[in-house]
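Given next are the chains, with one letter for each unit.
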Amino acid sequence: MKKLPREFYNRETTHVARDLLGLHLVHRSQGIERIGKIVEVEAYLGGHDLASHSSKGLTKRTAVMFGQPGFAYVYLIYGMYHCFNVVTESAGVGAAVLIRALEPILNITDRASGPGLLCKAMKIDRQLNAHDLLSDNLFITDHDAKSPHYIVEAPRIGVHYAKEWAVKPLRFYIQGNPFVSKP
């Protein structure tokens with residue numbers, strides 16, 4: 001399967017977010033290939049976006065966000081759930097796209113609707129933080145992907161603290177897909 005090139009990720013974050021819908025996330029681990037169709041994402045636009053981790057500046061946790069595009073940013077929330085993001089735009093921007101939900105395609109037996117469930121189902125954890133998405137074991141491909149018919153724009157989930165950024169339509173999902181976390 002052909003991986004997305006680094007140039008795909010080195011674009012404005014909302015464009016990357018929308019263009020990820022319908023593509024396939026692939027994780028190969030312990031001899032098993034898991035594949036899910038990306039059906040829901042959220043864009044985090046960098047240091048000026050108060051909902052983004054990068055709004056706190058460059059830290060050990062956010063260093064990958066400020067690095068090259070096309071790398072995984074994986075973090076733990078509530079001390080128990082992993083979240084998988086793809087770093088976008090050029091180094092220094094601190095932008096990323098959170099992958100919120102997948103439609104199971106191959107070897108996904110658990111629910112993958114919601115970022116924590118997605119990581120659990122895909123066996124993604126912090127060991128994959130800063131992982132190059134051009135690798136052979138974790139990547140995104142447009143192989144067998146079909147463009148969504150209609151993309152819904154909505155506010156992001158769980159960012160009420162982010163003032164005016166809480167209501168911006170930076171969540172994108174495929175309309176009518178039953179695997180979206182919250183329609």
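Residues numbered from 1 in each chain as written. Predicted model: local features only at pLDDT ≥ 70, side-chain atom pairs only at ≥ 80, totals over all residues. Heavy atoms only, no water.

## So, the overall build of the chain
Of regular secondary structure, the chain possesses three helices and eight strands. For the chain, the N- to C-terminal ordering of α and β elements is α-α-β-β-β-β-β-α-β-β-β. Burial statistics for the chain: of 183 residues in total, 53% are counted as buried. Considering only intrachain contacts with a sequence separation of at least 6, the fraction spanning at least 24 residues in the chain is 62%. For the chain, the exposed area adds up to about 8800 Å²; of that, 53% sits on carbon and sulfur atoms. Charged side chains in the chain number 22 positive and 17 negative. The centres of these two groups are separated by 6 Å. (Helix = DSSP H or I, 4+ residues; strand = E, 2+ residues; numbered from the N terminus. Buried < 20%, exposed > 50% of the residue type's maximum accessible area, 1.4 Å probe, protein only. Contact = heavy atoms within 4.5 Å. Areas by Shrake-Rupley, 256 points an atom, 1.4 Å probe, with all protein chains shown as cover. Lys, Arg positive; Asp, Glu negative; His and termini not counted. Charge placed at Lys NZ, Arg CZ, Asp CG, Glu CD.)

## Observations regarding the environment of Leu23
Within the secondary structure, Leu23 sits in the loop between α2 (13-20) and β1 (24-29). On the accessibility criterion, Leu23 (9% relative accessible area) is buried. In sequence terms Leu23 and Lys37 are 14 residues apart; their C-alpha atoms lie 5.6 Å from each other. Setting aside its immediate chain neighbours within four residues, Leu23 contacts Leu4, Phe8, Gly36, Lys37, Ile38, Ile140, Thr141, Asp142 and Ala145.

## Details of the pattern of salt bridges
Inspection of every chain in the model, using the stated rule, returns ten salt bridges. Between Arg28 and Glu33 there is a salt bridge whose closest N-O contact spans 2.6 Å. A salt bridge links Asp49 to Arg156; its shortest N-O distance comes to 2.7 Å. On the criterion of sequence distance, the pair formed by Asp49 in the loop between β2 (32-44) and β3 (72-77) and Arg156 in the loop between β7 (151-154) and β8 (171-174) is long-range, its members being 107 residues apart. The residues Asp49 and Arg156 share a single accessibility class, namely buried. Among the charged side chains, a network of salt bridges with common partners joins Glu40, Glu42, Arg100 and Arg171. (Salt bridge = Lys/Arg side-chain N within 4 Å of Asp/Glu carboxyl O.)

## A short note on α2
Among the residues making up α2, those that are buried are Thr13, Thr14, Val16, Ala17 and Leu20. Taken down its axis, α2 places every buried residue within 160 degrees of arc, on the same side. Buried residues along α2 sit in contact with α1 (6-9), β2, β4 (81-88), β5 (95-106), β6 (138-141) and β8. A positive backbone phi angle near 95 degrees is found at Gly22, which sits one or two residues after α2. (Arc of directions from axis to C-beta.)

## Section: the nonpolar core
Residues Leu20, Leu25, Ile38, Phe84, Ile99, Ile124 and Ile140 are the most contacted members of the largest nonpolar core, which totals 56 residues. Ranked by residue count, the leading element in this core is β5, at six residues. Leaving out residues up to four positions away in the same chain, Ile99 has contacts with Leu20, Ile38, Glu40, Val41, Phe84, Pro115 and Leu118. (Core = buried A, V, L, I, M, F, W, Y, C linked by side-chain atoms within 4.5 Å.)

## A look at a nonpolar patch on the surface
A contiguous nonpolar surface patch, about 410 Å² in accessible area, is contributed by Tyr78, Met80 and Tyr81. By the element assignment, Tyr78 lies in the loop between β3 and β4. Here Tyr78 falls in the exposed class, since its relative accessible area comes to 72%. (Patch = residues over 30% accessible without salt bridge, like charges linked within 9 Å, V, L, I, M, F, W, Y side chains within 5 Å.)

## Describing the environment of Val87
Note that Val87 resides in strand β4. In this structure, the C-alpha to C-alpha distance between Val87 and Val97, residues ten residues apart in sequence, is 6.6 Å. Not counting residues up to four positions away in its chain, the partners in contact with Val87 are Tyr9, Val64, Met65, Gly67, Gln68, Pro69, Gly70, Phe71, Tyr73, Ala95 and Ala96.

## Description of the packing of aromatic side chains
A full pass over the atoms with the stated rule returns two aromatic pairs. With centroids separated by 5.0 Å and ring planes inclined at 40 degrees, the aromatic side chains of Tyr73 and Tyr75 adopt a geometry described as tilted. The ring centre of Phe139 lies 5.4 Å from the NZ or CZ of Lys3, which sits over that ring. For the cation-ring pair, Arg11 lies above Phe8, with the distance from its terminal atom to the ring centre recorded as 4.6 Å. (Phe/Tyr/Trp six-rings, centres within 6.5 Å; stacked < 30°, edge-to-face > 60°. Lys NZ or Arg CZ within 6 Å of the ring centre and 35° of its normal.)

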